[in-house]
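Chains, contacts and geometry: an overview
Here are the chains, one letter per residue:
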Amino acid sequence: MSPAAFSYSTLLLTVYTILSKVHSDRNVYPSSGVLFVHVLEREYYKGEFPPYPKPGELSNDPITFNTNLMGYPDRPGWLRYIQRTPYSDGVLYGSPTIESVGKPTVIEITAYNRRTFETARHNLIINIMSAEDFPLPYQAEFFIKNMNVEEMLASEVLGDFLGAVKNVWQPERLNAINITSALDRGGRVPLPINNMKEGVYVMVGADSPFSSCLREVENPQNQLRCSQEMEPAISCDKKFRAQFHIDWCKISLVDKTKVVYITQEVVRGDGILPDVGEYSPPSDMLKSRNYYSDFLLTLAVPSAVALVLFAILAYIMCCRREGMEKRNMQTPDIQLVHHSAIQKSTKELRDMSKNREIAWPLSTLPVFHPVTGEMVPTMQTDTYDNTNMPLMQTQQSMPHQTQIPQQQNAGEFRMTTFQRFEVNGIPEERKLTEAMNL
């Protein structure tokens with residue numbers, strides 16, 4: 001184990017004071033500004049619950065914990081709690097603030113046995129002490145991608161990380177200030193494949209300026225690579241790569257010696273309010289109020305205005321119409337005659353189109369007989385010369401057709417076919433009569 005890990009383990013042993021009695025409270029003495037870690041061991045609380053039903057078997061009951069500040073439903077803002085499964089230990093961790101120095105913080109710890117539904121309660125008294133060398137002026141925050149927060153809180157793992165940072169930084173004093181899960185910073189829950197981790201932020205503080213290796217992140221070349229989502233070239237990354245995968249684009253370096261604190265001077269008064277006389281509260285007796293005028297303003301007046309506007313619009317639309325007579329009087333007579341003639345002709349054509357009956361050409365006749373359903377034989381054969389065939393066959397024996405003989409020279413007659421027309425159901429024989437009189 002590295003010297004840093006050994007010193008961190010020694011610190012944990014000095015911080016925790018575990019009393020011999022099971023029902024007694026625990027007292028711990030963390031320092032402000034330094035990482036505080038307290039493990040809720042399941043083995044410690046198993047003695048509070050009855051033994052396992054089968055004698056001779058080890059008890060492995062699922063146990064969960066609930067932690068809260070005494071008298072309040074939640075913990076202090078600086079204190080966090082995590083427990084992955086009911087079969088793993090719970091961990092309380094955080095960085096105490098300087099405002100809590102000298103004030104004992106009592107945390108109620110309630111253990112639940114998920115097999116027997118029994119509970120056991122203990123108190124953890126946190127006595128926050130003031131650190132003489134706090135705060136450390138140089139602070140760096142690393143983002144470790146291949147670790148979860150409960151893995152990083154283990155003393156051996158955190159000691160190894162502090163040893164690697166001390167080897168790179170070379171400070172005289174180095175402390176872990178805070179640890180935060182990436183989920184608390186807005187990160188997403190990773191997919192359960194390839195043993196992916198959620199990531200953890202670790203903030204450390206030292207008393208010496210940052211080393212040249214840590215300053216390499218601020219180079220323009222590395223900043224450009226980070227903007228292009230590429231891994232920057234850091235010379236000391238190989239000292240972490242064996243166990244910790246650090247995202248160097250998310251490292252944060254804070255120099256407290258260069259931070260300028262702007263404080264506004266508070267002008268305090270004597271704390272005595274000026275004398276403005278005796279306080280006169282309003283009377284308990286309320287006077288009745290007449291809402292008739294409010295009714296007229298909110299309902300009657302808008303209704304009257306709307307009624308007047310409706311009357312004006314009705315007069316304009318109904319009583320001020322010009323009509324067809326005025327339009328015809330202002331239109332020249334020749335336009336009226338043309339318009340009437342067009343309307344009359346259009347009506348005539350539409351009436352004629354309704355009563356018109358024209359025989360369908362053979363090209364549009366069905367292939368099957370409409371009554372018997374037999375196939376109509378084709379009119380052309382394989383030996384028939386279809387080059388001289390007309391596009392439409394001669395219509396023979398079609399209804400509404402009349403053959404009229406016409407006299408030619410030297411007493412010869414020629415048969416002429418006329419189409420019969422019907423107008424309103426009455427056959428039109430005028431064409432036939434005129435042909436016979438020739």
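Residues numbered from 1 in each chain as written. Predicted model: local features only at pLDDT ≥ 70, side-chain atom pairs only at ≥ 80, totals over all residues. Heavy atoms only, no water.

In the nomenclature of an unreviewed UniProt entry, the protein chain corresponds to Epsilon-sarcoglycan from the organism Xenopus tropicalis. Under the UniProt heading Sequence similarities (unreviewed entry), the entry covering the protein chain gives this text: "Belongs to the sarcoglycan alpha/epsilon family." Of the comments in the UniProt record for the protein chain, the one headed Function (unreviewed entry) reads "Component of the sarcoglycan complex, a subcomplex of the dystrophin-glycoprotein complex which forms a link between the F-actin cytoskeleton and the extracellular matrix." (UniProt positions renumbered as here; feature names shortened; annotations may be inferred.)

Looking only at helices and strands, the protein chain has 11 helices and 16 strands in total. When the 438 residues of the protein chain are sorted by exposure, 29% land in the buried category. When contacts within the protein chain are restricted to residue pairs at least 6 apart in sequence, long-range pairs at least 24 apart make up 62% of them. Counting every atom, the protein chain has about 31,800 Å² of accessible surface; 56% of that belongs to carbon and sulfur. (Helix = DSSP H or I, 4+ residues; strand = E, 2+ residues; numbered from the N terminus. Buried < 20%, exposed > 50% of the residue type's maximum accessible area, 1.4 Å probe, protein only. Contact = heavy atoms within 4.5 Å. Areas by Shrake-Rupley, 256 points an atom, 1.4 Å probe, with all protein chains shown as cover.)

Before going further, it helps to spend a moment on a nonpolar patch on the surface. Nonpolar side chains collect at one region of the surface, where Leu297, Val301, Val305, Val308, Leu309, Ile312, Leu313, Tyr315, Ile316 and Met317 lie side by side and expose about 1,000 Å² of accessible area between them. Locating Ile316 in the fold gives a position in helix α8 (residues 292-319). With relative accessibility at 47%, the residue Ile316 sits in the partly exposed group. (Patch = residues over 30% accessible without salt bridge, like charges linked within 9 Å, V, L, I, M, F, W, Y side chains within 5 Å. Salt bridge = Lys/Arg side-chain N within 4 Å of Asp/Glu carboxyl O.)

Moving on, we come to α8. Between its terminal C-alpha atoms α8 stretches 38 Å, which fits the 40 Å expected from 28 residues at 1.5 Å a residue. At Ala300, α8 is deflected by roughly 35°, the largest bend along its length, and proline Pro302 occurs up to four residues later in sequence. (Expected span 1.5 Å × (residues − 1). Bend = angle between axes of the 7 residues up to and from the residue.)

Another aspect to go through is the state of the cysteines. Linking two cysteines covalently through their sulfur atoms gives a disulfide. On inspection of all chains with the given rule, the structure shows 2 disulfides. Paired by a disulfide, Cys226 and Cys249 hold their sulfur atoms 2.2 Å apart. Given an S-S torsion of about -85°, the disulfide between Cys226 and Cys249 has left-handed geometry. Of this pair, Cys226 sits in helix α6 (residues 220-227) while Cys249 sits in the loop between α7 (238-241) and β12 (252-255); the two residues are 23 residues apart in sequence, bridging distant segments of the chain. In this structure Cys249 comes out as partly exposed when scored by relative accessible area, which is 33%. What links to what in the protein chain: the bonded cysteines, counted in sequence order, pair as 1-3, 2-4. No disulfide involves Cys318; its sulfur sits 6.1 Å from that of Cys319, the nearest cysteine. (Disulfide = S-S within 2.5 Å.)

As enumerated under the stated definition, the model contains 12 aromatic pairs in all. Judged by centre distance (5.1 Å) and plane angle (85°), the ring pair of Tyr44 and Tyr45 falls under edge-to-face. Like Tyr44, the residue Tyr45 is buried in the burial classification. Ring centres of Tyr138 and Phe210 lie 5.7 Å apart, and the angle between their planes is 85°; on these two criteria the pair is classed as edge-to-face. Of this pair, Tyr138 sits in strand β9 (residues 138-144) while Phe210 sits in the loop between β11 (200-206) and α5 (212-215), and the two are 72 residues apart along the sequence. Judged by its relative accessible area of 13%, Tyr138 falls in the buried class. For Phe210, a relative accessible area of 9% translates into the label buried. Here a set of aromatic residues connected by ring pairs shows up, and it is made of Phe142, Phe161, Phe240, Phe244 and Trp248. Sitting over the ring of Tyr44, Arg26 keeps its end group 3.9 Å from the ring centre. (Phe/Tyr/Trp six-rings, centres within 6.5 Å; stacked < 30°, edge-to-face > 60°. Lys NZ or Arg CZ within 6 Å of the ring centre and 35° of its normal.)

Inspection of the entire model under this criterion finds 12 salt bridges. Across the pair Arg84 and Glu198 runs a salt bridge whose closest N-O atoms are separated by 2.9 Å. Of this pair, Arg84 sits in the loop between β5 (79-82) and β6 (90-94) while Glu198 sits in the loop between β10 (174-181) and β11, and the two are 114 residues apart along the sequence. We classify Glu198 as buried; its relative accessible area is 10%. In this structure, the salt-bridge partner of Glu218 is Arg215, at a minimum N-O distance of 3.1 Å. Taking the relative accessible area as the measure of exposure, Glu218 reaches 45% and is therefore partly exposed. A relative accessible area of 31% means that Arg215 is categorised as partly exposed.

Pairing within the open sheet is antiparallel, and its 4 strands lie in the order β10-β11-β9-β12. Looking at the sheet topology across the chains shown, the edges are occupied by β10 and β12. Pairwise comparison of adjacent strand axes, ignoring direction, gives a mean angle of 15° for this sheet. Relative to β11, β10 runs antiparallel, the two sharing 7 bridges. Considered in β11, the bridge of Asn175 is made with Gly205. Lying over the sheet, helix α4 (residues 155-169) contacts β9, β10 and β11, oriented at roughly 125° with respect to β10. (Pairing = 2+ DSSP bridges. Axes fitted to C-alpha atoms, helices over the stretch in contact; angles between N-to-C directions.)

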